[in-house]
Amino acid sequence: MAGAPDDGTVLSEKMLATRFAEVVLPHLGDALSLARWLTGNQADAEDVVQEACLKAHAGITGFAGGNPRAWLLTIVRNASYTWMARNRPRSVVAVGDLADLDDVSPPPDSDADSPEAALIAKANSAAVEAAIARLPQAFRETVVLRDINGLSYREIAAMLGVPQGTVMSRLARARGLLMTELGGRHEPA
Amino acid sequence: MSPHENRPREDGLPQDPQDMKLMIHALVDGELDAAAALAVERRMAADPELAAEHARLVALRGAVASVPRATVSDDFLARIAAIAEVKDAGEAEPVQPIAATAEPQQQQGKVIAMQPRAARWFNSFDWRQMAASIALTAVLASGATQWLTTADNGSDSFAVAVANGHRRSLLAATPVDIVSSDRHTVKPWLDGRIGVSPAAPDMAKDGYALLGGRVEVIGDRPMPALVYRHHEHLITLVAAPRQNEAKSMPVADDLSAGGFLLVHWTDDAFSYWAISDAERPALDDFVARFRAAIIANPAAGSPG
């Protein structure tokens, strides 16, 4: 309708703005963190999150309660992959490849008597960041969603569209790789 | 996969060392309830390798927590906040920008009010479900999905939905919406809610006590579910009203989904799905007795 909006339209516009302010704005930090880890840098992350927020605003009526952070991060994740497919087509991992990752069994444990825990605890944040950045995409997003964005297994499973058991095994694999790297342990072969 | 293969130890935790490691992760992530956490800690006390894994995980979590978080610059926040306001400005009647920041307090109450229900599902995630989902992943990964190959697609997704409903009921405070061992209470309650109710014989003398009933929503249809207890196991019996296109299945068909065993059969009025974590023979026995009970006393199955 091109004419002046009736009261209902104005009200709903107001309501949308309100919902946007309470559902989206408080979680921008998490949104940026996730986008940064998925795209690899802060400037791209801001572009992606802005795109995601436009989508979130358009779809805010679809938010049906629950965890607003998980809802926003789902949109951010999709926007990240769309953005990467457009801007860096070569770096995007095809979804079909993920199944192979899940088949890989966790690395065998070497000696359990470890000063590793101490080494890991002492690792500086630059080393941790580099280690996370080197993880395969599927592992990286799982560990970021859990340990940086603080989502529950159930929320991550819903977001990635995989069973919770898969979330758990990806998380274990991702952390295993991080611990291997930061603990100075060399993975056999 | 035989139901015996993944049978847990007495504390209910997985036997397999790799699966046990996943439970350590779950412990560190705060995904276990108190009882399961205690059981995992007990295992850790007895197993230095698990304890070492736990120490590494705690250290890793600390290290990851030290990674600086992305900061939201004022500039960026303003850009995002403008998304909602720009649209308002486009309207003939201008909306004060302050509306976006001043009203959250009012709305807050509504949002919080919605959360408890969601929190019930999100937070009460327990290890049984995890163990089941590990088992499900194993089934999917091995490709040995008998229920994918033996049944048609429609009943597959239905079976999974039934399994999910059953699993949720195990997580909820109570598996039933109406507690009663008396079918004269359960049937009218179901009739009153959704206008349909199956026969609800109490078979306590056979070892299957009627606990009550609840409403399951599968696809977009609400349907009645009865809950029976057999020793320590719960059996959910979903009775989907027959639709014209539903294929007749007078002989019970054994299935499994989501780590649970199912038996599916139909009669004139309903398509039944019995699901439980009980052993197959017990579930089969339940089905046989339930069917016999309905035939013996059809009045129990008449509407109302």
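These numbers were taken from a predicted model, which means no experiment stands behind them. (Residues numbered from 1 in each chain as written. Chains lettered and ligands numbered in written order. Predicted model: local features only at pLDDT ≥ 70, side-chain atom pairs only at ≥ 80, totals over all residues. Heavy atoms only, no water.)

(A) Quick look at the pattern of salt bridges. According to the stated counting rule, one finds 13 salt bridges over all chains in the structure shown. As a salt-bridge pair, Arg146(A) and Asp147(A) come within 3.9 Å of each other at their nearest N and O atoms. Judged by its relative accessible area of 13%, Arg146(A) falls in the buried class. With its nearest N and O atoms 3.0 Å apart, the salt bridge here joins Arg289(B) to Asp285(B). A residue pair is termed a helical-turn pair when its members lie 3 or 4 positions apart in one helix, as Arg289(B) and Asp285(B) do in helix H11 (residues 280-296) at 4 residues. Bridged by salt links that share partners, the residues Arg146(A), Asp147(A), Arg175(A) and Asp29(B) form one connected network. (Salt bridge = Lys/Arg side-chain N within 4 Å of Asp/Glu carboxyl O. Buried < 20%, exposed > 50% of the residue type's maximum accessible area, 1.4 Å probe, protein only. Helix = DSSP H or I, 4+ residues; strand = E, 2+ residues; numbered from the N terminus.)

(B) Structural view of the confidence of the model for chain B. Residues and elements named next belong to chain B. Model confidence for chain B is summarised by a mean pLDDT of 73, while 69% of its residues fall at 70 or above. Of all helices and strands in chain B, the one with the weakest mean pLDDT is helix H6 (residues 104-123) (38), whereas helix H3 (residues 48-65) scores best (90). Scored below 50 in pLDDT, residues 1-8 makes 8 contacts in the model with residues more than four places away or belonging to other chains. In this model residues 87-125 is a low-confidence stretch, pLDDT under 50, and it forms 49 contacts with partners more than four residues away in sequence or in other chains. Model confidence for the complex is summarised by a pTM of 0.51, with the ipTM given as 0.77. (pLDDT = per-residue confidence, 0-100. Contact = heavy atoms within 4.5 Å.)

(C) Representation of the packing of helix H2 (residues 34-46) of chain B against H3(B) in the model. Residues and elements named next belong to chain B. At a minimum axis distance of 5 Å, the contact between H2 and H3 shows a crossing angle of 115°. In terms of orientation, H2 lies roughly perpendicular with respect to H3. As H2 packs across H3, the resulting crossing turns out to be left-handed. Across the interface between the two elements, Arg 43, Met 44 and Ala 46 of H2 pack against Pro 48, Leu 50, Ala 51 and His 54 of H3. (Axes fitted to C-alpha atoms, helices over the stretch in contact; angles between N-to-C directions. Parallel < 35°, antiparallel > 145°, perpendicular 65-115°, else oblique. Left-handed = near helix turned anticlockwise from the far one by under 90°.)

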